[in-house]
Amino acid sequence: MRSFLNAVIFTLAVVGFFAYVCIYVTNLSGGSGGGGATGVSPEAGEKIFWGDGQCHTCHSIGTSGSATRGPNQEGLASRAEEKAKATGLGSGLEYMVESIVNPSSFVVEGYDDIMPKVFAPPIMLDREKILAVLTYLQTLGGEPDIDAVIKFKDKIPEASKTKVVPWVPPIEVDLKEGELIFFDDTRDVTCSKCHVINGKGAKVGPDLTGIGAVQTPQYLIESVLKPSAVIVKGFETMYLMTNDGMAYNGLLVSQDEEEVVLMIDEEGEMVEYVFYPDEIAQMQKQDVSIMPGNLSEMLTTKEFYGIISFLLSQK
Amino acid sequence: MSKLIPFINFTSKKLQLRFVFTLFLVIFLIALATGAGMAQEGAESAKTTEAAETTAEGKTAAAEPEPEPYEVVDYRNFFGIDGRLIVWIISELHLMFAAFVLAVPIFVVIIEMIGVKSGDIRFDNLAREFTKLLSAAFATTASLGGLLAFALYGLYPAFMRYMTDVFHPYMFIYALCFFGEVFCLYGYYYSWDLLSRTPKGKWFHISIGVMLNLFGTALMMLANSWATFMMAPGGINMETGTVTSLYHAFYNFLWMPVNIHRIIANVAFGGFVVGAYAAVKFMGSRTDEERAHYDWMGYIGNFIGLGALIPLPFAGYYLGREIYMASPVMGNIMMGGAFSWTFIVQAILIGMLFIGGNYYLWNGMSRIKGAERYTPYIKYINIVIFFCFAVWLTPHNLPLSGEERALIGEQYHPFSKFFGVMAAKNAVVNLLILSTFFSFLLYRRANKGETKPFSSHGSAARITLIITAGLTVMYLAWYALGLRGLEMEENILRYVSPLVTCLVIQIISIVIAILLTFANKGKIAQSFLFVVTTVMAVIYFWYYGFVVMEKANLVLRFLSVTQVSIVISCLIVNTVIDVFLFKDAKEVGGIQWGKIPHRSQYALLLLCVAIVTLMGLMGFIRSGLRMNWHIYGYMQDTSAGAFTPSIAYMGWTVSLIVILFLALVAFVFWLAGLADKKKKHA
């Protein structure tokens, strides 16, 4: 009986140690769960930030949390005011709303454009929860103003409560065919000459690995049909004029004191050009994407939707 | 004057225990009655309100009130307790018992076979004793399974309605397999004496055991498909939920990785649980004979547990990779998001398992004469294991305060940042496995003296070694050819070439090791293979992992598999060499079963508690990755409890589950032992 009791005490000690480690790790990581968060208040917003919203996956706040993918949100409210002034928005709150509704609109320098739309799957925060998070974000370097936040409620899309309705192409398409066209280098325009998927292709444009998990069909359709509508940060076209009057449009590969390297489209082939500072007369970013804008003429409807379906399957 | 003997002895410990137990029962029953009463009260008050409303309406309208429409409920709670918590506890308990019930028959049949082949009755007795525990635990598993089904259908009716719609054909197959398992288990247990009389009968008995395993594995795989369907649904229209392919719903993307991981984990789980049973029995033994028996039983349990623990990280890595492939969002949540810190807790538990396992082996060497020759090396293995543990434990980014950041001058710690990344962790996991394997080899040769030349074992040994090495080399060559055939950009592909070179070096090393063994230089062959493997898989790949992470991250996945392949090939070839190296070798001294230090039994207990806790933790992670989805991407969990709890909350819940499981196991094993006590007293 004594040996059994010793075994019980030992077991309880080990289990107790496990529980202690869990509590310690919770304090260390800053994640305290998101249970029971209701209503629009900074308290509810804080719970959602560290719980359901999964905001802490990418953002830390001061020394709470350890994520570094997105900017640390300490002092966000005051920073947002400055950003709003710089971008011509009415208030810091509007800047925060815009950043949540359309995460690609303001990407902080030094960070990638990776933030998902939190009202879309798989996070799917409902409107009330997003409003709650906004009130919480206001407390980071400012004062919460619930009435002001509520005024933005119509700007925030409502998440579907029951299930996700996936996009279905208007005509029947073959996903495999879409994949073949994407990588087919016998065509006049080949997607994989500029985009990479799972390591295949060239890295001239944005890497499209896993694009289906983070972008909507609407975004992809727009990006193919109107490439200049939204240009991913870091892939803007650069206009360069040399002293002898030659003009070039291309992607900026690198730039330092000694040279500027542009990737330039030469009859469908991407070629690197090196320019030295003393031969450059003018250089500026363009609002036009280097991606061909006439893809709708080069693809049949079936091929077009095949590519879109293939991209959406990349999750 | 005669001493007065009180009618009731209030100082009796037994009586005090009975009081405590009765008090506990009373409190429990009162709590239950109060809960039920409250629920009933709620229902009654609702009825009263309804009645009042009806009367009021009755005054204004003479017509009969409309009958209340039938309301379809999506979620319920359990007497005010969140349904998710109840399902969590019951399913985890069911899973733990099921793991034990599925794992034990695997090694019971193997032990019985060893007994038949070797003619050693001890193996047969041991297999039988394990089966006795099995039959006692089986009924509890089935009861918990029934309870889980009721809980799911009662608390999550809408979700279960859909799952039943999709999987109902397989549910009937599940029930049939369950019958098969019941008949095989009880047939196996109760026919032991009857079928042991003749060799043919014995093999027939073993065949029943094999059937038992087949039914058990089929049951596990059926249930796994439902769980993995929830994580990575396939074969359904994601808009309407219509089943487009039942086969793909069943054979979904994560089904096979989870099957493989669970089978191996179950074996480790079963081994460590019987090890702990033996430890408790050993500590309570009164005779040398009993001590010797339970010492041996504990040794076998630990051997099985450690044997399965070695390939487990590889299976876990494969599963993790497949989760990433199924959904990068889910993968990100797992390793970089809400669940990333739970892997620090996991590292602590796995560290406990490796340290506990090695500690037990080293203690075990004290009961072996001749083991003192290897004692000086133990401290070095200790240092290596603790170093590996420390690196594995290091998080990728330690949260730093503003002051610390200013002091360091960068976001990451200048040294720890190198230990927190995957390249370092992969390297130390492989080193940990190699060290544990080395520790086990020392244990095996502890009482062995001069070895017999390999050539004396005849052609059977040579053929076995050639087949083993041949298969290993074929696998390595197949993987190397696969790497060469990868379709990638040239600037990424060049980072794959060193991996191919390492695989080729390993193939050559295996061939050299085999030739050295044939030349009666088995020990040199083992050392040679060990050194080459450690240099490549640990030292070189640690460095090269950083290069790949920096220059061609995509190659990291191939690097990890190459690393694992090289280590496994070393373990397989060295094991076979070791078997023949020490076959019929001279013994320096015998093993004195029962003469192991008492403290070693706590190591067995630690192993059991750690693996049970680990199973609880990993169950939480696997299930929690779906976040607020019943079926990821199709059906959302809209219940009030649909949130990811904090790690602390998880810690408390898993602790409760572990205590409940161990208490139930102890109770069930105690019941199983009652029959033996009766026999002894008779």
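Residues numbered from 1 in each chain as written. Chains lettered and ligands numbered in written order. Predicted model: local features only at pLDDT ≥ 70, side-chain atom pairs only at ≥ 80, totals over all residues. Heavy atoms only, no water.

### Some points on the overall build of chain A
Looking only at helices and strands, one finds 11 helices and seven strands in chain A. Across the 315 residues in chain A, those meeting the buried criterion constitute 43%. Across chain A, every contact between residues at least 6 apart in sequence was considered, and the portion connecting residues at least 24 apart equals 54%. Just so you have it, chain A exposes about 16,300 Å², and 53% of that area is on carbon and sulfur atoms. (Helix = DSSP H or I, 4+ residues; strand = E, 2+ residues; numbered from the N terminus. Buried < 20%, exposed > 50% of the residue type's maximum accessible area, 1.4 Å probe, protein only. Contact = heavy atoms within 4.5 Å. Areas by Shrake-Rupley, 256 points an atom, 1.4 Å probe, with all protein chains shown as cover.)

### Topic: the overall build of chain B
Regarding its fold elements, chain B presents 23 helices and two strands. For chain B, with 682 residues in total, the buried portion stands at 51%. Summarising the internal contacts of chain B: among those between residues at least 6 apart in sequence, 83% fall at separations of at least 24. Within the structure as shown, chain B displays about 32,700 Å² of accessible surface, and the carbon and sulfur contribution to it stands at 68%.

### So, the nonpolar core
Phe269 and Val612 of chain B are the most contacted members of the largest nonpolar core, which has 191 residues in total. With 15 residues, helix H22 (residues 599-624) of chain B is the single largest residue contributor to this core. Counting only domains with at least three residues in this core, you end up with domain 1 (83-400 + 412-449 + 600-674) and domain 2 (450-584) of chain B. Once residues within four sequence positions are removed from consideration, valine 612 of chain B is found in contact with Met96, Phe269, Val273, Val658, Phe661 and Leu662 of chain B. The next biggest cluster of nonpolar side chains, apart from the first, holds 32 residues, and it includes Val97, Ile123, Leu125 and Phe152 of chain A. (Core = buried A, V, L, I, M, F, W, Y, C linked by side-chain atoms within 4.5 Å. Domains from an automatic or database assignment.)

### So, the side chain of histidine 94 of chain B
All names here are of chain B. In this structure, histidine 94 sits in helix H2 (residues 83-118). Histidine 94 gets classed as buried once you look at its relative accessible area, which sits at 15%. Polar side-chain contacts of histidine 94 include one of 3.1 Å to the backbone oxygen of threonine 141. (Polar contact = N/O pair within 3.5 Å; in protein donor to acceptor, adjacent residues only side chain to side chain.)

### Overview of helix H4 (residues 92-101) of chain A
Along an α-helix, residues three or four apart share an orientation, since each turn contains 3.6 residues. Residue and element names in this part refer to chain A. Taken across its 10 residues, H4 has eight buried, putting it largely inside the fold. Every buried residue of H4 is accounted for by Gly92, Leu93, Tyr95, Met96, Val97, Ser99, Ile100 and Val101. Considering only its buried residues, H4 is in contact with helix H3 (76-87), helix H5 (127-138) and helix H6 (146-150).

### Quick notes on the environment of histidine 94 of chain B
Placed 54 residues apart in sequence, histidine 94 of chain B and leucine 148 of chain B show a C-alpha to C-alpha distance of 7.6 Å. Discounting chain neighbours no more than four positions away, the residues touching histidine 94 of chain B are Thr141, Leu144, Gly145 and Leu148 of chain B.

### As for the sheet that holds strand S4 (residues 247-255) of chain A
Residues and elements named next belong to chain A. The strand order S6-S5-S4-S3-S7 describes an open sheet built from five strands, whose pairing is antiparallel. This sheet does not close on itself; its edge strands, each paired only once, are strand S6 (269-275) and strand S7 (280-285). Averaged over all pairs of adjacent strands, the angle between their axes in this sheet comes to 40 degrees, without regard to strand direction. As paired strands, strand S3 (residues 237-242) and S7 are joined by five bridges and run antiparallel to one another. When the sheet's bridge partners are listed, tyrosine 239 is paired in S7 with glutamine 284. (Pairing = 2+ DSSP bridges. Axes fitted to C-alpha atoms, helices over the stretch in contact; angles between N-to-C directions.)

### Some points on unusual backbone geometry
Residues and elements named next belong to chain B. A positive phi angle, near 60 degrees, is found at asparagine 520, a position not held by glycine. Judged by relative accessible area, asparagine 520 falls into the partly exposed class, the value being 40%. For aspartate 584, which is not glycine, the phi dihedral falls at a positive 60 degrees. One can find aspartate 584 in the loop between helix H21 (556-581) and H22. Given a relative accessible area of 52%, aspartate 584 falls into the exposed group.

### Quick word on the pairing of strand S5 (residues 260-266) of chain A
Residue and element names in this part refer to chain A. When you tally the buried positions in S5, you get five out of seven residues, the bulk of the element. With five bridges joining them, S4 and S5 adopt antiparallel strand pairing. Residue pairing for S5: leucine 252 is matched across the bridge by leucine 262. Hairpin remark: S4 followed by S5, antiparallel, with four residues in the connecting loop. Sheet topology places S5 next to S6; seven bridges connect them, and they run antiparallel. By the bridge assignment for S6, isoleucine 264 is matched with valine 271.

### Quick notes on the packing of helix H10 (residues 312-326) of chain B against H21 of chain B
Residues and elements named next belong to chain B. It is at 11 Å that the axes of H10 and H21 come closest, and there the two elements cross at 160 degrees. Regarding the angle of H10 to H21, the classification is roughly antiparallel. Where H10 crosses over H21, the two elements pack in a sense that is left-handed. Here Phe314, Tyr317, Arg321 and Met325 of H10 lie close against H21, whose contacting residues are Leu556, Arg557, Ser560, Val561, Val564, Val567 and Ile568. In terms of residue class, the contact of H10 with H21 is built from eight nonpolar, one polar and two charged. (Parallel < 35°, antiparallel > 145°, perpendicular 65-115°, else oblique. Left-handed = near helix turned anticlockwise from the far one by under 90°. Nonpolar A, V, L, I, M, F, W, Y, C, P; charged D, E, K, R; others polar.)

### Some thoughts on the pattern of salt bridges
If charged atoms from side chains of opposite charge come close, those side chains can pair. Scanning all chains against the criterion turns up 11 salt bridges over all chains. Of the charged contacts in the structure, one is a salt bridge between lysine 153 of chain A and aspartate 154 of chain A, with a shortest N-O distance of 3.8 Å. For lysine 153 of chain A, a relative accessible area of 36% puts it in the partly exposed group. Members of the salt-bridge network, linked through shared partners, are Glu112, Asp124 and Lys202 of chain B. (Salt bridge = Lys/Arg side-chain N within 4 Å of Asp/Glu carboxyl O.)

### So, the side chain of aspartate 126 of chain A
Tracing the backbone shows aspartate 126 of chain A in the loop between H4 and H5. A distance of 2.9 Å separates a polar side-chain atom of aspartate 126 of chain A from the backbone nitrogen of lysine 129 of chain A.

### Digging into a nonpolar patch on the surface
Taken together, the side chains of Met1, Phe4, Leu5, Val8 and Leu12 of chain A together with Ile659 of chain B make up a nonpolar region of the molecular surface, amounting to roughly 540 Å² of accessible area. On the secondary structure map, leucine 12 of chain A appears in helix H1 (residues 2-29). (Patch = residues over 30% accessible without salt bridge, like charges linked within 9 Å, V, L, I, M, F, W, Y side chains within 5 Å.)

### A word on the pairing of S3 of chain A
Residue and element names in this part refer to chain A. With five of its six residues buried, S3 lies for the most part within the structure. Across five bridges, S3 lies against S4 in antiparallel orientation. Residue pairing across strands places leucine 240 opposite tyrosine 248, the latter belonging to S4.

### Side note on the packing of aromatic side chains
Applying the stated criterion across every chain, the model contains 52 aromatic pairs over all chains. Taken together, a centroid distance of 6.3 Å and an interplanar angle of 25 degrees make the contact between tyrosine 20 of chain A and tyrosine 24 of chain A stacked. Of this pair, tyrosine 20 of chain A and tyrosine 24 of chain A both sit in helix H1, four residues apart, roughly one helical turn. Taking relative accessible area as the criterion, tyrosine 20 of chain A reaches 53% and is therefore assigned exposed. Residue tyrosine 24 of chain A is classed as partly exposed on the basis of its relative accessible area, which comes to 45%. Every member of this aromatic cluster is reached through a ring pair, and the members are Phe167, Tyr170, Tyr174, Trp226, Phe229, Tyr247, Phe250, Tyr251 and Trp255 of chain B. When the ring centre of phenylalanine 183 of chain A is taken as reference, the NZ or CZ atom of lysine 200 of chain A above it lies at 4.7 Å. (Phe/Tyr/Trp six-rings, centres within 6.5 Å; stacked < 30°, edge-to-face > 60°. Lys NZ or Arg CZ within 6 Å of the ring centre and 35° of its normal.)

### Describing the confidence of the model for chain B
All names here are of chain B. Per-residue confidence for chain B gives a mean pLDDT of 84, with 86% of residues at or over 70. Helix H1 (residues 13-60) is the least confidently modelled element of chain B, averaging 53 in pLDDT, while helix H19 (residues 497-518) averages 95, the highest of any element. A low-confidence stretch, residues 1-7 (pLDDT under 50), is modelled with zero contacts involving residues beyond four sequence positions or located in other chains. Contacts from residues 34-59, a stretch scored under 50 in pLDDT, to residues over four places away or in other chains number five contacts. Taken over the whole predicted complex, pTM reads 0.68, whereas the ipTM for its chain interfaces reads 0.78. (pLDDT = per-residue confidence, 0-100.)

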